[in-house]
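Here is how the chains run, residue by residue.
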Amino acid sequence: MDNGVNRIRLRRIRDALSRYHSRYGEYPESLAKLAILGYTNIENIRSTSNQQYRYAPQEPKMNPAVSFKSYDLERIDFEPFAPSNIPKLEATSQVSEKPLKYAALIRLDPKKDPVRVNENQTIQGFFIAAVTHDGAIVTTPNRVLVLVVP
């Protein structure tokens, strides 16, 4: 039961971080700031064992004109309520050297065999935007997924 409560609290923190980032264009220095500004309740920033979640905002720079912040938030294994139609990347393979191109094996249904896909291909509503040696970028009209080889 504690894991379920912790998953709900972490989801609330992620939502609060997303709302904060949408408004300010960066992530807050601490989870306490989210609670103080009313983005989440104070009990959501602590686990059921009353320990504050580990949170370390990071600010990598890609180039002088483009910057972004990300955050490291504790993960809890296996989310039972996650949608089952999220694609899973099984493997990638190189299909040509010049130009350098890759194909990917993506599993859309856990019970079915993976499907081989290339860049600029659509499969069951997912557009394969890019495939590299260690991952793939898959998009839908509502979201962008970055899949990495396990």
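Residues numbered from 1 in each chain as written. Predicted model: local features only at pLDDT ≥ 70, side-chain atom pairs only at ≥ 80, totals over all residues. Heavy atoms only, no water.

Caption draft 1: A look at unusual backbone geometry. The omega angle of the peptide bond from Lys-98 to Pro-99 is -10 degrees, so this bond is cis rather than trans. By secondary structure assignment, the location of Pro-99 is in the loop between β5 (88-96) and β6 (101-107). Although it is not a glycine, Asn-50 sits at a positive phi angle of roughly 65 degrees. For Asn-50, the position within the fold is in the loop between α2 (31-36) and β1 (55-58). (Helix = DSSP H or I, 4+ residues; strand = E, 2+ residues; numbered from the N terminus.)

Caption draft 2: Spotlight on the sheet that holds β6. The strand order across the open sheet formed by three strands is β5-β6-β7, and the pairing between neighbours is antiparallel. Single-partner strands in this sheet number two, and they are β5 and β7 (115-117). Each neighbouring strand pair of the sheet contributes to a mean axis angle of 25 degrees, computed without reference to strand direction. Strand direction decides the pairing type here: β6 and β7, joined by three bridges, are antiparallel. Across the sheet, residue Ile-106 finds its bridge partner in β7, namely Val-115. (Pairing = 2+ DSSP bridges. Axes fitted to C-alpha atoms, helices over the stretch in contact; angles between N-to-C directions.)

Caption draft 3: Molecular detail of the sheet that holds strand β10 (residues 135-139). Spatially, the four strands line up as an open sheet ordered β8-β9-β10-β11, and their pairing is antiparallel. Two strands lie at the open edges of the sheet, namely β8 (121-123) and β11 (144-148), each paired on one side alone. Put simply, the sheet's adjacent strands are angled 30 degrees from each other on average, direction ignored. For β10 and β11, the ladder comprises five bridges, and the chain directions are antiparallel. Each residue of the ladder has a partner; that of Ala-136, found in β11, is Leu-147.

Caption draft 4: Expanded view of the environment of Glu-26. Residue placement: Glu-26 occurs in the loop between α1 (2-24) and α2. Remark: the alpha-carbon pair of Glu-26 and Pro-57, spanning 31 residues in sequence, is separated by 9.3 Å.

Caption draft 5: Region of interest: the nonpolar core. The biggest cluster of nonpolar side chains holds 14 residues, and the ones touching the most others in it are Ile-106, Ile-128 and Val-138. Other than its neighbours up to four places away in sequence, Val-138 contacts Pro-87, Ile-106, Phe-126, Phe-127, Ile-128, Arg-143, Val-144, Leu-145 and Leu-147. Leu-10, Leu-17, Tyr-27 and Ile-45 belong to the second largest nonpolar core, which has 12 residues in total. (Core = buried A, V, L, I, M, F, W, Y, C linked by side-chain atoms within 4.5 Å. Buried < 20%, exposed > 50% of the residue type's maximum accessible area, 1.4 Å probe, protein only. Contact = heavy atoms within 4.5 Å.)

Caption draft 6: Up close: the side chain of Arg-9. In this fold, Arg-9 is placed in helix α1. Nearest to the buried, unbridged Arg-9 among oppositely charged side chains is Glu-43, at 6.4 Å. Here Arg-46 takes part through its backbone oxygen, which lies 2.9 Å from a polar atom of the side chain of Arg-9. (Lys, Arg positive; Asp, Glu negative; His and termini not counted. Salt bridge = Lys/Arg side-chain N within 4 Å of Asp/Glu carboxyl O. Polar contact = N/O pair within 3.5 Å; in protein donor to acceptor, adjacent residues only side chain to side chain.)

Caption draft 7: Structural context of a nonpolar patch on the surface. Taken together, the side chains of Ile-137, Val-144, Val-146 and Val-148 define a hydrophobic patch exposed on the protein surface, amounting to about 380 Å² of accessible area. Here the nonpolar patch takes three residues from β11, the largest share from any one element. Here Val-144 lies in strand β11. (Patch = residues over 30% accessible without salt bridge, like charges linked within 9 Å, V, L, I, M, F, W, Y side chains within 5 Å. Areas by Shrake-Rupley, 256 points an atom, 1.4 Å probe, with all protein chains shown as cover.)

Caption draft 8: Examining the environment of Thr-132 more closely. Relative to the helices and strands, Thr-132 is located in strand β9 (residues 126-132). Classification of Thr-132 as partly exposed rests on a relative accessible area of 35%. With near-sequence residues (within four places) excluded, Thr-132 lies in contact with Thr-92 and Tyr-102. Of note is the side chain of Thr-132, whose polar atom sits 3.1 Å from the side chain of Asp-134.

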